[in-house]
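# Observations on the model geometry
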Amino acid sequence: MRVVRPQFEPDPALDRAEMEALQRDIADAATFDDDRSVAPADVALDSPIDRDADAAQSGFGDGPVVAGVDQAFLPDEGVAVSAVVAIRDGRVVERAVGRAPLEIPYIPGLLAFREAGAIVAALRALDADPALLVLDGSGRIHYRQAGIATHVGVLFDCPAVGVAKNLLCGEPRSSLADPLPEGERVAIEADAQVEAVSTAGDWPVIGHAYQSRQYDDPASRHVNPLYVSPGHRVSAATTVELVGALAAGYKLPEPTRLADAHADAATTRDRQD
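Since we're looking at a predicted model, the values are computed, not measured. (Residues numbered from 1 in each chain as written. Predicted model: local features only at pLDDT ≥ 70, side-chain atom pairs only at ≥ 80, totals over all residues. Heavy atoms only, no water.)

Moving on, we get to the packing of aromatic side chains. Note on aromatic pairs: each is described by the distance of the centres and the angle between the planes. Within this structure, the stated rule accounts for zero aromatic pairs. Against the face of Phe73 rests Arg114, its NZ or CZ located 5.6 Å from the ring centre. Sitting over the face of the ring of Tyr215, Arg213 holds its NZ or CZ atom 5.0 Å from the ring centroid. (Phe/Tyr/Trp six-rings, centres within 6.5 Å; stacked < 30°, edge-to-face > 60°. Lys NZ or Arg CZ within 6 Å of the ring centre and 35° of its normal.)

The subject of this paragraph is the sheet that holds strand β4 (residues 132-136). As summarised here, the arrangement of the nine strands in space is β3-β2-β1-β4-β5-β9-β8-β7-β6, forming an open sheet in which the pairing is mixed. With partners counted over all chains shown, the strands left at the sheet margins are β3 (91-101) and β6 (171-172), one partner each. When strand β1 (residues 66-74) meets β4, the two strands line up parallel, connected through four bridges. Opposite Val66, over in β4, you have Leu132 as the bridge partner. On top of the sheet, helix α6 (residues 254-272) reaches β1, β2 (79-88), β3 and β4; it is set at about 35° to β1, its chief contact. (Pairing = 2+ DSSP bridges. Helix = DSSP H or I, 4+ residues; strand = E, 2+ residues; numbered from the N terminus. Contact = heavy atoms within 4.5 Å. Axes fitted to C-alpha atoms, helices over the stretch in contact; angles between N-to-C directions.)

Another aspect to go through is the packing of helix α3 (residues 111-124) against helix α4 (residues 148-156). One way to put it is that α3 packs onto α4 with a least axis distance of 10 Å and a crossing angle of 40°. Here α3 is positioned oblique relative to α4, judged by the angle of their axes. When you trace α3 past α4, the crossing you get is right-handed. In this structure, α3 contributes Leu111, Ala112, Phe113, Glu115, Ala116, Ile119, Val120 and Leu123 to the contact, and α4 contributes Ile148, His151, Val152, Leu155 and Phe156. Split into classes, the residues belonging to the contact of α3 with α4 amount to eleven nonpolar, one polar and one charged. (Parallel < 35°, antiparallel > 145°, perpendicular 65-115°, else oblique. Left-handed = near helix turned anticlockwise from the far one by under 90°. Nonpolar A, V, L, I, M, F, W, Y, C, P; charged D, E, K, R; others polar.)

The next subject is helix α5 (residues 236-246). In terms of residue burial, α5 counts as a mostly covered element, since eight of its eleven residues are buried. All of the buried residues along α5 are Ala236, Thr238, Thr239, Val240, Leu242, Val243, Ala245 and Leu246. (Buried < 20%, exposed > 50% of the residue type's maximum accessible area, 1.4 Å probe, protein only.)

Another point: the pattern of salt bridges. For the structure on display, the rule yields 13 salt bridges. For Arg24, the salt bridge identified is with Glu195, shortest N-O distance 2.8 Å. Of this pair, Arg24 sits in helix α1 (residues 16-29) while Glu195 sits in the loop between β7 (185-189) and β8 (205-210), and the two are 171 residues apart along the sequence. Judged by relative accessible area, Arg24 falls into the partly exposed class, the value being 32%. With a relative accessible area of 30%, Glu195 lands in the partly exposed category. Here Arg233 ties to Asp157 by a salt bridge, and the two come within 3.7 Å at their closest N and O atoms. Residue Arg233 is found in the loop between β9 (226-232) and α5, and its partner Asp157 is found in the loop between α4 and β5 (160-164); the two are separated by 76 residues along the sequence. Overlapping salt bridges bring together Arg5, Asp35, Asp157 and Arg233 as one network. (Salt bridge = Lys/Arg side-chain N within 4 Å of Asp/Glu carboxyl O.)

Following this line, the structure appears as structure tokens:
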């Protein structure tokens, strides 16, 4: 993949005010509406993908390529390891790994400046041309509407969605105190922590809590929802439909589930070397 907007590359040497100012510029450059480049029905999966299968180079239809992105870490070495797994028509077509130093600690709202260096390296190594990026982390559900999925999506000018396990900010439209049934979604609206931007899209909805999987008796054992939000060139409504289409029996959608496994495998190899 090729970086389209190099002015937005994350620089961990910036001070906090400069990082936040860059995020505001990224949010203004982002598009939080659908550009019709990828439809949920075009990427829908009927069953899980074998995470250990070799990448195949032939035997596909003309479905769009979707790339999942996830991170792992080598804390003793101070290195972030990003894995990208590209899928098409229910099969893995390519894997890539990128590494970058961990130069700053985790700061809520500034995740991209800690981790996106490795993500950029991995995506630059990818030969495939994804129609959609699915990233582990937030997109528009962010204090400045510029989470890591927005940052990376705008940087590469590629449709992107964020899939997070925790809610960074925003207010659920209805209570999430009780377990949600499988397939249920609850809109997340901007609250006082979320800055407005010029490209408001379907403001004030900035994402959804989405229950991709649930046990039959959630009162005794339950799965927490995912928090999904548009990163770039996708609306909040379509984001949750895309994540639902890419889920195939596990909590995580297949692209990030596969990327998570590949990131773990990469760090295991690095430790052994």
